[in-house]
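The residues making up each chain are set out below.
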Amino acid sequence: MHSTNPGSNTRITQKHVLLSEILTVTSVMRKNSRWASGSHMLNARDSALARDLGLRRGNVQSILLCVLLGPFFALIRSPLSTGPITSAALSALHSFFLCGLISANSRGLETALVELSNTVSHCKFEASDSSGDEVVLLKIMAVIHDCMVSSNMLETVLTTCCQMRLSEVLRRSAESTMISIVRTIFGRLYEFDPVEEEAKLRVNEEQAQHGELTMSVSPSTTTPSESLASVGDAEFSADVQKEETEPPRPALHEAIPVYPVATSTEDMVVAEDSDGLPALLELLRVLVNILDPNDQVHTDSTRLTALGILNATIETCGTRIGDYPSLAVLILDHGCKYLFQLARSDNPSVLQAALRTISSLFETMRPHLKSQQELYLAFSIDRLAAPPLLKSNTTKRNATNSPHPGIPLTPTLGPVDAEPELEKGSNVPSRPPVQPARGDTRDLMLETLSQISRHPSFMVDLYTNYDCDINCENLFERLIEFLTKGVYPWQYSSASDAQQLHSQYLCLDMLLTFVNDMAARAEGEFVSPEQLMLNKSRKKLVLTGAARFNSKPKLGLAFLEENKLIYSDLSPEVSRVKSLAIFLKSCTRIDKRLLGDYLSKPDNLDLLKEFMKLFDFKDKPMVDAMREMLETLRLPGEAQQIDRIAETFATTQDTVYVLAFSIIMLNTDLHNPQIRKRMTIEDYQRNLRGQNGGDNFPPEFLQHIYDSIRKREIVMPEEHTGQLGFEYAWTELLARSRVSGHFMMCNSTLFDLDMFKTVWKPVISAIAHAFITFDDDYVIQRAISGFRQCATLAGHFNLPDVFDFVVVSLSQATSLLSEHLSAHVPNYPVVQVEGQSVTVSSLSVKFGTNFKGQLAAVVLFNIVNGNGNALREGWTQIFEMFVNLFMHSLLPTRMLQMEDFLGGVTMIPLRGTQPSRPAARSDGGLLSALSSYLMTPYSASLDNLVPEATDQEVENTLCTIDCITSCRLDEFYAQIMKLDSEALVAATRALEALAHERTVAKLKQESDDVTSPYNGPSQGNGTYVLPYDPAAVFLLEMMASIACQTPQCIEYLWPVIFEHLSALLSASTYYSVLLIERAVVALLRLALILAQKDALRDQLYISLDLIANLPPPVANSVAEHVVAGVSLILQQDAIASTQTEWNLIFAALRSTISNPEAARSTFNLITSLASEGQAHRVTPDNFLGLLSVLDGFATAAGTSMQIQPPRPRRTQQQPSMESPPIDRGRKSIDLLFDLKKFIAPFAESEKLQPGQVWRQYCLPLVSSLGSQSTNPSRVVRNTAINQLQRLLLGPQLVYDDADHSQVEEIFNGVIFPILDELLQPQVHLLDPQGMSETRLRASALLCKVFMHFEVRESHRKADIRILWIEILDLLDRLISAEKSEQLYEAISESLKNVVLVMNAAGILVPPPGSEDGRDEQQRTLWTATQARLERFLPGFLAEVVPAPPPVPPAEPKPSV
């Protein structure tokens, strides 16, 4: 040792350590009597530990390591050493490692390590006390850990781990050491070159007899009487010498099963190879063999140790093992096979260790375990997802109907059933049922599944590797189905509530992790993966086709052919039969029993032959060929069918046929439990005697067949059960894994769309159930995140159905959906809070205490805010919540407003009375019908008392208001106006469906329920009227508001809204006044938009026609809105281009005349149209319509006379001219007359003939004035008759002189009806004083018009006899009816003028005094006139037109 200054940083020298350890060992040796006496000495080479070393040699590094360590090795090997001596020697070796004496730079290191390995593995010492002996073993572990070079030493540690007679501490220490060693040596795989190591391994295999290290555990044991403990051979025991009186105790080192190991150094490879691949492979082989659950030699404790070591190995180098085929095949075959069997162990410790090792395997070697992972996951799901019994509270999922027929039902949350198995097809051939996992086993398996699925790409990997592979199960779908159902409470007899809740949490956590990973991937760009999607689509078809084939082969083949799964590969080499055979052989979904039966039918013999040709039996033993064939199909039960298959199998060789049939019979005879006497080899040989072409088969050939069948039964596919079934399935799995390729790792968005479309519904249902059911804050928060992420994915993938389902699920959790359709709003108390009126309703109180409902509402509206374009059917729930909030005064003010043409914006009343339809109101400044219904929501009611609100109820209401404010409903409502057309239409349809439910459907339902007499609300005529429903008005207003604020989408929204409006207005008398009023306003607001859309112009006039045809009481109540709306429509340029369109506009205006306030506006509008300044607004198309409206105003003036309150006849007077209706009537007559000025321009512009002008313009105008000439209003009547006279006698009247029928129309259609009407007693009673004057004017008009049109030179030849006689009859009736002197004189004077003019014109000619030179017409006319006049004016004609004196007869001339 070199001296150093105090405090300097020095390291003790190796020489000092060597000398100190020598001293320590020798000191211990001296304490032992045997060594102290010197009677037992080591051999000469190993004697005197320090005799030639250390003190007299300056540099220990120059000495060979074997020389330095030789004495220590000798002590460790010596059977005479005691435990303390051996312990001291081992401690010395450990110190040498620590100080660096044994290092990579030491001389002779390789030889020394080989010697050390041999020494440690053959350590022998006398047993003393158990604790001291175990200390020795612990130090052996430490030295081995320091060395880690040889499989012999590893075997020593492994044996110690498995020695059950050792204490728990020692075994666990040995196991810890073994694990540490394994991690170190297997970590070297990362340093090795796999190619070189595999090459060395092949060389070692060729030299297996000389150089291979074998290490294993064999069942050799020792008896307790043996005194020596051989650690290396696992035969060590303690020879404990105690007093005979002391009861014997078990030997400390009882043997455990091991295989013999090489003990001579000559048989061992050099050290540089002992830690290479052969040693690692040998250790791995021993560990795997220990796991075999069918090996009864090893106990569960041994397997538990091996599992721990194997798991450490996998964790250390699992990612590298795949690069070494020799190691990989050991893990992939026997390793996985034994591990999966141990996964069914009843020992909880073994099960836990096995599952941990399995999870490590999948974590590190997943690319190499495609088939193995499929088997394990399917097995786990089968055990975990045994058929459950849902608890009673979830069994009534579909027990109740929707409270809103016709509206999409809000689904009750529950497990979503998978599609029928027949359509989906069986994923794999049916497996025998497994025992469902219970209790802790279930928890453990579920936690392992959760751990395996933690990888972000796990679900994508399942989908791409299995669901898109025709030959694999749909593991992704199965796992999601299991997880979604696992979130719901399942009733297990052995499961505690805590275990069940834990299981539900785990399932939910896996689901939410899947959604979260997909949402994270969604940030990338989405690209459609064509090939895998094609495979997935083909797989679905194959599954369906196979399922149908298994049900009915004919239908299955038709489906397969239709979808081009068969017969699509036809070619000269591939016939239809061969194509079908290829599919049947390659499709694993075909039922093997059915396949055998189908192929063996006589009609399918060609198919059976092609099926057999697909096998490659070349150079295969007969039995193996039979096994291969019978693994693809099951032999049918009939002997003829079996014979047909065997014959086809043998092709044309009779010998093969006989042999094949014999093998089938031999297999049945040897393994059928019902056969007691088994066939012997002699019997089998005897049965086949002479069948080999007349000769016998070779005995050894038949013996081989017999032995093969006897040892290994040929089992049909469906008969594989138990261990035999597992072995068969494992063989199939390995065969499939050789062609299935590696497991793809694909953490990509390429497949998320199809995955999400497949599983979104059960996933969201499960999340919703968790949100509603679970109380854990973390779980609720995770569920909320799941909702958000599902909504994000729905928008990303453009899946509105998904978004709808999220909204539906959350809306159900809010408790804001109304349970029934109620139109009645109770009188809720209103309190003042900080200056604001707060309505304390039942909903606000209840919702204020529902924390989870509030949370769901906030989450719901935060999700839909900004995502409205993704909503479709979910709008129904959104608006249903709006309605419920509205009915309880919880909506923002902006959403409660109504817009119209009169008073701007008003609030929707929550309650209203139900009066009968109002009569026509008196004129002047009246409000709209809406005003009578605009009352405060909580006005006083004599019928209902307002309850008092408690402080707690107010507090709950304030919580509700805060929550609703957090939902930002007004912001969401504003976003609706910015939606895309498709989403906007969906929203409008939802509104219409809800409104329809409260109006049309409700009316039909309640009308059907009404019995006579009905005591409900009705009009005066007994018609049933629905009570006022504020929700119906609210929904209508929202529809109209959305449409009016989105004019760019009116063409899509109009059909939906108009359907509802049309239904309301078509039955307007059955609904409340306010609802119909709002419907009319909505229709007109939309009509303003339609007016600007050329493509929808026709819909404008359909709307106006609907308004024009409203019943009069309804029309009167909405008249102000109608005229306001039509006025705005008419402000559009070129709004109407045809006569029909104008007629519809004027028809709507005519419906407003009965309303005094509306009539004033309408008349002003018409006046502006017909005025001089607006000449361009009067066109040929609107001439008649304008005329009809003006005529309507004149008629209304007369009607106003009829509704005056009755007065005594003596005091009955006409209203003054200042009466608005009378004034409008008079002005309308003047406007009618002024229309004549447009006739000539129209005739000129349209180049009309006089007859056409008469028909189109003049006759309607004359007829209108004529009809108003009998108006009850004296002013209107007199004005009309005056204007009629001016028109008929003036120059503006256009008619065809050549067409006398037009003149007849004036008399028959205008003048005569006036007089006929005036002669009616009831007409005369309307204005007794003024009607006489009218009769007088009418008579004068009659005579003047007759003279104007008929008594003219041009009409001299016309036959006017009939017309003239009718005139005389009318005048006769007038004189007789009136009996007035004034009228008598007036008629007499008028007739006098007519007669004189007629006489002057030669029309009415008295008979001459001499020869009558008149024609027949003149004679007849005079006779008739004279006869008629004599009735009421005797002597009148003779006085006016006296007959000429008679001419005396001429004297005859005398004849010449």
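These figures come from a predicted structure and were not determined experimentally.

**Student:** Just to check I follow, could you spell out the overall build of the protein for this structure?
**Tutor:** The number of helices and strands found in the protein is 62 helices and six strands. Counting all 1456 residues of the protein, 53% fall into the buried class. Taking as baseline every contact in the protein between residues at least 6 positions apart, the subset at least 24 positions apart corresponds to 76%. Carbon together with sulfur atoms contributes 51% to the accessible area of the protein, which is approximately 65400 Å² in total.

**Student:** Could you clarify how one ought to interpret the state of the cysteines in this entry?
**Tutor:** Any covalent bond linking the sulfur atoms of two cysteines counts as a disulfide. Scanning the entire structure with this criterion turns up zero disulfides. In this model Cys967 remains outside any disulfide bridge; the closest cysteine sulfur is found in Cys963, 4.4 Å from its own.

**Student:** What am I meant to see in the packing of aromatic side chains here?
**Tutor:** Here the distance between the centres and the angle between the planes together describe a pair of aromatic rings. Applying the stated rule across the entire model yields 31 aromatic pairs. Centre to centre, the rings of Phe861 and Phe882 are 6.1 Å apart; their planes meet at 5°, and the pair counts as stacked. Highlighted residues: Phe861 in helix 37 (residues 851–864) and Phe882 in helix 38 (residues 875–887), separated in sequence by 21 residues. Here the two residues Phe861 and Phe882 agree in accessibility, since each one is buried. With a centroid separation of 5.8 Å and an interplanar angle of 50°, the aromatic rings of Phe1307 and Phe1312 are classed as tilted. Members of the aromatic cluster, each reached through a chain of ring pairs, are Phe861, Trp875, Phe879, Phe882 and Phe972. Over the ring of Tyr567 we find Arg576, and its NZ or CZ is 3.9 Å from the ring centre. Between Lys585 and the ring centre of Phe615, over which it is positioned, the NZ or CZ distance is 4.8 Å.

**Student:** Just checking my understanding: could you explain the pairing of strand 3 (residues 830–833) for this structure?
**Tutor:** Regular strands place their side chains on alternate faces of the sheet. Taken together, the four bridges between strand 3 and strand 4 (residues 836–839) define a ladder with antiparallel strand orientation. In the sheet register, Val831 faces strand 4, and the bridge partner there is Val838. Hairpin connection, strand 3 to strand 4: the antiparallel pair is bridged by two residues, and Glu834 has positive phi, about 55°.

**Student:** Please explain the pattern of salt bridges as it appears in this structure.
**Tutor:** Side chains carrying opposite charge are able to pair once their charged atoms draw close together. Under the definition given, this model contains 34 salt bridges. Asp1316 serves as the salt-bridge partner of Arg1373, at 3.1 Å between the closest nitrogen and oxygen. Placement of Arg1373 in helix 59 (residues 1361–1378) and of Asp1316 in helix 56 (residues 1300–1318) is noted, with a sequence separation of 57 residues between them. Judged by its relative accessible area of 30%, Asp1316 is partly exposed. The closest approach of N and O atoms between Glu1416 and Arg1419, which form a salt bridge, is 2.7 Å. Within this pair, Glu1416 and its partner Arg1419 are both found in helix 61 (residues 1416–1432), separated by three residues, close to a single helical turn.

**Student:** Even after reading the chapter, I still don't get helix 4 (residues 83–99), so can you show me in this structure?
**Tutor:** Each α-helix winds once per 3.6 residues, and so residues spaced three or four apart point in a common direction. Here helix 4 is 17 residues long and its end C-alpha atoms lie 24 Å apart, about the 24 Å a rise of 1.5 Å per residue gives. Where helix 4 terminates, the next one or two residues include Gly100, which has phi positive at roughly 95°.

**Student:** Can you help me understand unusual backbone geometry in this one?
**Tutor:** With the exception of glycine, the majority of residues adopt a negative phi angle, and the majority of peptide bonds are in the trans configuration. The backbone of Asn798 shows a phi angle near 55°, a positive value even though the residue is not glycine. Checked against the element boundaries, Asn798 lands in the loop between helix 34 (777–796) and helix 35 (800–814). The exposed category is assigned to Asn798, whose relative accessible area is 59%. Positive phi, close to 65°, is recorded for Ser815, a residue that is not glycine. Of note, Ser815 is situated in the loop between helix 35 and strand 3.

**Student:** Can you walk me through the nonpolar core in this structure?
**Tutor:** Here is a general trend for soluble globular proteins: nonpolar side chains tend to be buried in one another's company. Membership of the largest hydrophobic core comes to 333 residues, with the highest contact counts inside it found for Trp875, Ile878, Phe879, Phe882, Phe1307 and Trp1364. Among the elements that make up this core, the one with the highest residue count is helix 45 (residues 1073–1090) (13 residues). Setting aside anything within four residues of it in sequence, one finds Trp875 in contact with Gly868, Phe972, Ile976, Leu979, Ala983, Ala986, Ala987 and Ala990. In this structure, Ala546, Phe611, Leu633 and Phe649 belong to the second largest nonpolar core, which totals 50 residues.

**Student:** Please clarify how the packing of helix 59 against helix 61 should be interpreted in this entry.
**Tutor:** Packed helices, taken two at a time, are described by the angle their axes make and the gap between the axes. Between helix 59 and helix 61, whose axes approach to 10 Å, the crossing angle comes to 5°. Comparing the axis directions of helix 59 and helix 61 gives the class roughly parallel. Between helix 59 and helix 61, the contacting residues are Arg1361, Trp1364, Ile1365, Leu1368, Asp1369, Leu1371, Asp1372 and Ile1375 on the first element and Gln1417, Thr1420, Leu1421, Ala1424, Thr1425, Arg1428, Leu1429, Arg1431 and Phe1432 on the second.

**Student:** Quick question: what am I supposed to make of helix 40 (residues 969–976) here?
**Tutor:** Taken residue by residue, helix 40 has Leu969, Phe972, Tyr973 and Ile976 as its buried positions. Looking down the long axis of helix 40, one finds its buried residues gathered within 100° of arc, a one-sided arrangement. Buried residues belonging to helix 40 abut helix 37, helix 38, helix 39 (951–967), helix 41 (981–998) and helix 43 (1030–1045).

**Student:** What is the right way to look at the confidence of the model for the protein in this model?
**Tutor:** Predicted coordinates in regions of low pLDDT should not be interpreted in detail. Chain-level pLDDT for the protein is 77 on average; 76% of the residues reach the 70-or-more range. Confidence drops under pLDDT 50 across residues 388–413; counting only partners more than four residues distant or on other chains, this segment forms 46 contacts. Residue range residues 1206–1212 is modelled with pLDDT below 50. Its contacts to residues more than four positions away, or to other chains, number four contacts.

**Student:** Please clarify how the packing of helix 13 (residues 300–321) against helix 14 (residues 325–342) should be interpreted in this entry.
**Tutor:** Viewed as axis vectors pointing N to C, helix 13 and helix 14 meet at an angle of 140°, and their least axial separation amounts to 13 Å. With respect to helix 14, the axis of helix 13 lies oblique. Crossing of helix 13 over helix 14 shows left-handed handedness. Side by side, helix 13 and helix 14 meet where Arg303, Leu307, Leu310, Ile314 and Ile321 of the first sit next to Leu327, Ala328, Ile331, Leu339 and Leu342 of the second.

Conventions adopted
Residues numbered from 1 in each chain as written. Predicted model: local features only at pLDDT ≥ 70, side-chain atom pairs only at ≥ 80, totals over all residues. Heavy atoms only, no water. Helix = DSSP H or I, 4+ residues; strand = E, 2+ residues; numbered from the N terminus. Buried < 20%, exposed > 50% of the residue type's maximum accessible area, 1.4 Å probe, protein only. Contact = heavy atoms within 4.5 Å. Areas by Shrake-Rupley, 256 points an atom, 1.4 Å probe, with all protein chains shown as cover. Disulfide = S-S within 2.5 Å. Phe/Tyr/Trp six-rings, centres within 6.5 Å; stacked < 30°, edge-to-face > 60°. Lys NZ or Arg CZ within 6 Å of the ring centre and 35° of its normal. Pairing = 2+ DSSP bridges. Salt bridge = Lys/Arg side-chain N within 4 Å of Asp/Glu carboxyl O. Expected span 1.5 Å × (residues − 1). Core = buried A, V, L, I, M, F, W, Y, C linked by side-chain atoms within 4.5 Å. Axes fitted to C-alpha atoms, helices over the stretch in contact; angles between N-to-C directions. Parallel < 35°, antiparallel > 145°, perpendicular 65-115°, else oblique. Arc of directions from axis to C-beta. pLDDT = per-residue confidence, 0-100. Left-handed = near helix turned anticlockwise from the far one by under 90°.

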